[in-house]
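Here are the chains, one letter per residue:
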Amino acid sequence: MKKAIKGNHAVSHGVRLSRVGVISAYPITPQTTIVEELSEMCARGEISARFIKVESEHSAMASLIGAATAGARTFTASSGNGLLLMHEVLHWTAGARLPIVMADVNRAVSGVWNIWAEQTDSLAQRDTGWIQIYCESSQELLDGVLMAYRLAEKVMLPVMIAYDAFFLSHTTEIVDIPDADVVDRFLPPYEPPVQLNFDDPRMFGGFFSTDYFYEHRYTVQQASQEALNVYPEVCREFNAHFGRSYDLVETWLTDDADTILVTAGAITSVSRIVIERLRSQGEKVGLMKLRMFRPIPVECWRKVLGNASRVVVIDRNLSVGVGGVFAAEIRSALYASDRHPPVYSAIAGLGGRDVTPEDVEGILHSMKVDDPSPDIPLYWGLKR
Amino acid sequence: MQEIRFHGRGGQGAVIGSEVLAHAFFHEGKFVQAFPAFGVERRGAPVTAFCRMDDRNIYLRSQIYHPDHVVVLDALMIESVNVVDGLKPGGSIVINASRDPEYYRDFFGDAFGVFVIDAAAIAVAHHLGSASNPIVNTAIVGAFAKATGLVGIDAVLKAIEADVPMKKTQNQQAAQAAYDQVIKV
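Residues numbered from 1 in each chain as written. Chains lettered and ligands numbered in written order. Predicted model: local features only at pLDDT ≥ 70, side-chain atom pairs only at ≥ 80, totals over all residues. Heavy atoms only, no water.

A.B. asks: Mind showing me how you'd approach the domain arrangement of chain A here?
C.D. replies: Reports of interface size often rely on the accessible area that becomes lost once the parts have come together. All names here are of chain A. For chain A, the assigned domains read domain 1 (2-242) and domain 2 (249-379). Between domain 1 and domain 2, the contact holds 27 residues from the first and 28 residues from the second. At the boundary of domain 1 with domain 2, total buried surface from both sides reaches about 2,300 Å², with 54% on carbon and sulfur atoms. When the shortest N-O distance is used, the salt bridge between Glu-136 and Arg-272 registers 2.6 Å. Counting the contacts that link domain 1 with domain 2 gives 21 residue pairs in polar contact (both at pLDDT 80 or more). Elements with a contribution of two residues or more to the side of domain 1 that touches domain 2: helix 6 (120-123), strand 6 (131-134), helix 7 (138-155) and helix 9 (213-242). When residues of the side of domain 1 that touches domain 2 are assigned to their parent elements, the largest contribution, 5 residues, is made by helix 9. (Domains from an automatic or database assignment. Contact = heavy atoms within 4.5 Å. Buried area = accessible area lost by both parts, 1.4 Å probe. Salt bridge = Lys/Arg side-chain N within 4 Å of Asp/Glu carboxyl O. Polar contact = N/O pair within 3.5 Å; in protein donor to acceptor, adjacent residues only side chain to side chain. Helix = DSSP H or I, 4+ residues; strand = E, 2+ residues; numbered from the N terminus.)

Right under this line is the structure:
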């Protein structure tokens, strides 16, 4: 059924339809309305989940580690500073191979307060072992949650759905909310391969000496790489049930493009308007939308970007001392490829600053006219 | 695409107003989008909210800088906030005000359509908020429907029924009353 709902509530509906067993969360703007809605769904009896209120984000994830180890399908959500407080246990979740799903509403983190959109919070979790998926619309959020559980439970790794504060989280738009019975056919109940069970005792969270820790880490790395093989299969199943499809990377008009713009999240949506406009003026531009960022779909990136004469990446994030995270990782992925066009980097929209179609067009224009060095990011819109 | 910008003060319901309008458009089969310009919100502080409507999917996610219409929930704001900033010529201003409507004709000039409604009095009459802090959002959306003709009053009433959590009947009556009473100056 189609309804006009907020992005955060699209996530709540995805969690409801996934028949999650345990939800644990600590409120933080702009995530709070996800779990508020889930709490009300629990109170109204629409979900049979146990909702655990905790005193911190660290405890939210820690309690889900317990619940997931006991065999429950689990969910939490956070943002910005709250996500950073979870950091230690995020590593643990992936290392323990627990298929927890969380939503991160991307919020700026810095030495001055800001509650608005920036991807630096989730990108600071990129080494934790969590699979990361970036979304650009409310429909993709709801669908992304359903697919996240399917993927997580196939490869036994946690999945983070990331999306821009306010531009997506608090925006009302039309979402097709699927029927529960269709979702049930796509997403069967979670059957944990091992779980806490008195009749079948096992050891969890053990101590690995130097003899085995390295091998354990390697199995986590293998599971992450396996997600690249499993995801297309999940995508096909999803498409068969719901008639919508989301690839590892999404491309638009890239086949004959001289310049390919690379974006993630809400800026992608805005960029579509610019690509359409420039194409109508005869400019050979295309768009690559980053969806899965961990594990990196290296071969997809190389295939899409290899034929372009230049790549322009817009990063709504900043790795201090480096620049844009996506630009740096794309350069790294292309380096060993036969064809590696120059990768130009633009920083834009930090701390929720608006990125308009005129901004995106201005960035593309500057990269063409000013011929900047690929080594130095363009700090677009910076007041000097 | 039609872009509508709401100006109000924290507590008046500008954000919910933009959402009710989006729901009304949705009930008429349009693609819609509504979102607030989040500031550091406090009761009484200026608040801006946005609503977009189109016949195709809306990819634009930036704020509205060149609205087709503006809705003003607090007439005193026009002294301190340039509510017509970027407003397209011929666009409508729907304003909640109790003083002489001609004042607003003079204030905004001839470039725009000016529509005045005493939404505060209507809200108070229907027990929406208090006399000192009336909740005028549903009334002013009713006035907007009449002023612009972009959406039918039936869709507005349906949106209130489906999406306003409290006092549905009073909110519907307020929207209908404002629809009936709004005047063009």
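A.B. asks: What should I look at first to understand unusual backbone geometry in this one?
C.D. replies: Trans is the prevailing form of peptide bonds, just as negative phi is the prevailing case for residues other than glycine. Residue and element names in this part refer to chain A. In this structure, the amide linkage connecting Thr-29 to the following residue, Pro-30, adopts the cis form with an omega of 5 degrees. With respect to the helices and strands, Pro-30 occurs in the loop between strand 2 (22-25) and helix 2 (32-43). Looking along the chain, the bond that leaves Arg-294 and enters Pro-295 is cis, with omega of -5 degrees. With respect to the secondary-structure elements, Pro-295 resides in the loop between strand 12 (292-294) and helix 11 (298-305). A positive phi angle, close to 60 degrees, is found at Arg-97, a residue other than glycine.

A.B. asks: Explanation requested: the interface of chain A and chain B in the structure shown.
C.D. replies: Across the contact, 25 residues belong to chain A and 20 residues belong to chain B. Buried surface at the junction of chain A and chain B, summed over both partners, amounts to about 1,900 Å²; 60% is from carbon and sulfur atoms. Our count for the chain A to chain B interface comes out at 3 salt bridges. Secondary-structure elements contributing two or more residues to the side of chain A that touches chain B are strand 1 (2-6), strand 8 (172-176) and helix 10 (266-280) of chain A. Classifying every residue of the side of chain A that touches chain B by side-chain character gives 11 nonpolar, 6 polar and 8 charged. For strand 8 of chain A and strand 2 (residues 31-37) of chain B, the ladder comprises 2 bridges, and the chain directions are antiparallel. Looking across to strand 2 of chain B, one finds that Glu-173 of chain A is bridged to Gln-33 of chain B. (Nonpolar A, V, L, I, M, F, W, Y, C, P; charged D, E, K, R; others polar. Pairing = 2+ DSSP bridges.)

A.B. asks: What is the right way to read the sheet that holds strand 9 (residues 249-252) of chain A from this model?
C.D. replies: Backbone hydrogen bonds are what pair the strands of a sheet, in a parallel or an antiparallel way. Residues and elements named next belong to chain A. One open sheet holds the 6 strands; their spatial order is 9-11-10-13-14-15, and the pairing between them is mixed. Looking at strand neighbours, the two that pair on one side only are strand 9 and strand 15 (378-379), the edges of this open sheet. Relative to strand 11 (residues 285-290), strand 9 runs antiparallel, the two sharing 4 bridges. Note that in strand 11 the partner of Val-249 across the bridge is Leu-290.

A.B. asks: Honestly, the state of the cysteines in this entry has me stumped. Any pointers?
C.D. replies: Two cysteines whose sulfur atoms are joined by a covalent bond form what is called a disulfide. Residue and element names in this part refer to chain A. Throughout the structure, instances matching the rule amount to 0 disulfides over all chains. Considering cysteine sulfurs only, Cys-300 is the nearest to Cys-235, which forms no disulfide, with 11 Å between them. Taking the relative accessible area as the measure of exposure, Cys-235 reaches 5% and is therefore buried. A relative accessible area of 26% places Cys-300 in the partly exposed class. (Disulfide = S-S within 2.5 Å. Buried < 20%, exposed > 50% of the residue type's maximum accessible area, 1.4 Å probe, protein only.)

A.B. asks: What's the story with helix 1 (residues 14-27) of chain B in this structure? I'm lost.
C.D. replies: Since there are 3.6 residues in each turn of an α-helix, residues three or four apart along the chain are aligned in direction. All names here are of chain B. Taking 1.5 Å as the rise per residue, helix 1 with 14 residues should run 20 Å; its terminal C-alpha atoms sit 20 Å apart, in good agreement. Summarising burial for helix 1: 11 of the 14 residues are buried, a large majority. Turning to helix 1, its buried residues are Ala-14, Gly-17, Ser-18, Glu-19, Val-20, Leu-21, Ala-22, His-23, Ala-24, Phe-25 and Phe-26. Taken from the residues just after helix 1, Gly-29 is the one with a positive phi, measuring 85 degrees. (Expected span 1.5 Å × (residues − 1).)

A.B. asks: How do you make sense of the pattern of salt bridges when you look at a structure like this?
C.D. replies: Between side chains of opposite charge, a pair can form as their charged atoms come close. Scanning all chains against the criterion turns up 33 salt bridges over all chains. One salt bridge in this structure joins Lys-6 of chain A and Glu-19 of chain B, with 2.9 Å as the shortest N-O distance. With Lys-6 of chain A in strand 1 and Glu-19 of chain B in helix 1, this residue pair bridges two chains. Residue class for Glu-19 of chain B comes out buried when judged on its relative accessible area of 9%. When salt bridges with common partners are traced through the structure, they connect Glu-136, Glu-140, Glu-250, Arg-272, Lys-289 and Arg-291 of chain A into a single cluster.

A.B. asks: It is not clear to me how the packing of aromatic side chains should be interpreted in this structure. Could you clarify?
C.D. replies: How two aromatic rings sit relative to each other is given by the distance of their centres and the angle of their planes. Under the definition given, this model contains 12 aromatic pairs over all chains. Ring geometry for Tyr-134 of chain A against Phe-326 of chain A: centres 5.6 Å apart, planes inclined by 90 degrees, an arrangement best described as edge-to-face. Of the two residues, Tyr-134 of chain A sits in strand 6 while Phe-326 of chain A sits in helix 12 (residues 325-335), which places them 192 residues apart along the sequence. Looking at Phe-326 of chain A, the relative accessible area reads 0%, which means it is buried. Here the aromatic residues Tyr-134, Phe-293, Trp-301 and Phe-326 of chain A are joined through ring pairs into a cluster of three or more. Across the ring face of Phe-293 of chain A, the terminal group of Arg-294 of chain A is positioned such that the distance to the ring centre comes to 4.8 Å. Here the guanidinium or amino end of Lys-146 of chain B rests over the ring plane of Tyr-179 of chain B, the centre of that ring lying 5.0 Å away. (Phe/Tyr/Trp six-rings, centres within 6.5 Å; stacked < 30°, edge-to-face > 60°. Lys NZ or Arg CZ within 6 Å of the ring centre and 35° of its normal.)

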